[in-house]
Structure formats: C-alpha cells, structure tokens
Amino acid sequence: TIERTFSIIKPDAVAKNVVGEIQSRFEKAGLRIIASKMIRLTPEIAGKFYEVHKARPFYNDLCSYMSSGPVVVQVLEGDGAVLKNRDIMGATNPKDAAPGTIRADFAESIDANAVHGSDAPETAAQEIAFFFSGTELCDRP
Ligand code: CMP
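Cut-off values and rules
Residues numbered from 1 in each chain as written. Predicted model: local features only at pLDDT ≥ 70, side-chain atom pairs only at ≥ 80, totals over all residues. Heavy atoms only, no water. UniProt positions renumbered as here; feature names shortened; annotations may be inferred. Helix = DSSP H or I, 4+ residues; strand = E, 2+ residues; numbered from the N terminus. Buried < 20%, exposed > 50% of the residue type's maximum accessible area, 1.4 Å probe, protein only. Contact = heavy atoms within 4.5 Å. Arc of directions from axis to C-beta. pLDDT = per-residue confidence, 0-100. Near = heavy atom within 4 Å. Polar contact = N/O pair within 3.5 Å; in protein donor to acceptor, adjacent residues only side chain to side chain. Nonpolar A, V, L, I, M, F, W, Y, C, P; charged D, E, K, R; others polar.

Residues annotated in UniProt with the feature "active site" (unreviewed entry) correspond here to H116. Mapped onto the fold, H116 is located in strand 4 (residues 115-117). Given a relative accessible area of 13%, H116 falls into the buried group.

Listed below in structure tokens is the structure:
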C-alpha cells in the first residue's frame, strides 16, 4: 500500500551537514520526498508537536533540544512508507541501532538521534498536518 509518513532531520544531523546523505537513503529505499522545508522550531512549537510525551521525564530536554537549531521537516511517500522509514532510521537509541541505519551512522545520543519518523499511519497524518498545508504536498505519480 502506498503510504505517507512524516520525517524530521534533527538539529544534530543538520549541523553535521548530512541532510543530503539522509535524504539519499530515503530515495534509495524507494521513498519519494513529496514535501520538504528547513525551519527553526520554537520550544513552544516543539512542545506542542511532542505533546504525547508531555508526562515523560525527557520531555523538557527533548523540546529544548529540538529548538536548538534548524531542522528539516518532510513528507515521504511510498509502499509501506511508515515501516520502511522506521527500518531505515534504526532504533531510537543509537546504541541499539542496527549497523547501516541512519541512527547507527549519524546519531550522537538518544536526544540527538538524527531523525524522527512517525510510528503509525494515523500519527503520520496528524504530524503531516501539524507542519504542512495540503497545497504543500506534491503529487509525484
Ligand atoms: P523521536 O522519534 O523524535 O520521538 C521522541 C524523542 O524523544 C525520541 O525520538 C528521542 O530523541 C527522545 N527521547 C529521549 N529519551 C527518550 C527515551 N527514554 N525513550 C524514548 N525517546 C526518548
């Protein structure tokens, strides 16, 4: 099934100048970038995006980290895009990430873990709508 998923290239990966390398991994896996923009989040916007984690002990650190520098937010489309993206990213904690995954190759720590990706199609739809209007999503037949 053709799906869409939401992806963030986090401040550590942008600072390392590996935006293109990461996007290339998505493309090589057959995912198409149908929307993409570089933005600087405020702590408030990061807090709203990660509201589901509000009660977690890492919430404040996560929100200040995500607003510490520019990020690239993007929408990826392709067959089984949600799971495919999660496979390419690797485990949340780079210490547990399989060799060859984005997090194994580029991430520094569990917060500075290079990328975010939606965990399910329903969350993907919410996360896409949080950052993009309908006209910003490009059809790529
Ligand atoms: P992400 O996929 O962006 O979703 C929430 C983020 O919280 C996660 O990646 C990590 O960068 C960060 N985080 C920090 N500590 C933890 C933790 N103990 N468990 C899960 N996520 C964590």
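The next thing to look at is the side chain of Q23. Tracing the sequence through the fold places Q23 in helix 2 (residues 19-28). With residues up to four places along the chain from it excluded, the contact list for Q23 reads I9, I33, S36, V72 and Q74.

Our focus in this paragraph is helix 2. Every α-helix winds through 3.6 residues per turn, so residues three or four apart in the chain are directed the same way. Among the residues making up helix 2, those that are buried are V19, I22, Q23 and F26. All buried residues of helix 2 lie within an arc of 95 degrees about the axis, which places them on one face of the element. One or two steps after helix 2, the chain reaches G30, where phi turns positive at roughly 90 degrees.

Reading predicted coordinates in detail is not appropriate for stretches of low pLDDT. Residues with a pLDDT of 70 or more make up 100% of the protein, whose mean pLDDT is 98. Interface confidence for the predicted complex, expressed as ipTM, amounts to 0.97; the pTM equals 0.98.

Once that is clear, we can look at the site of the ligand. Inspection of the region around the ligand gives K10, Y50, H53, F58, L62, T92, R103, I110, D111, N113 and H116 as its neighbouring residues. In the model, an oxygen atom of the ligand is placed 2.6 Å from a nitrogen or oxygen of the Y50 side chain. A distance of 2.5 Å separates an oxygen atom of the ligand from a polar atom in the backbone of I110. Considered class by class, the residues forming the shell around the ligand number four nonpolar, four polar and three charged.

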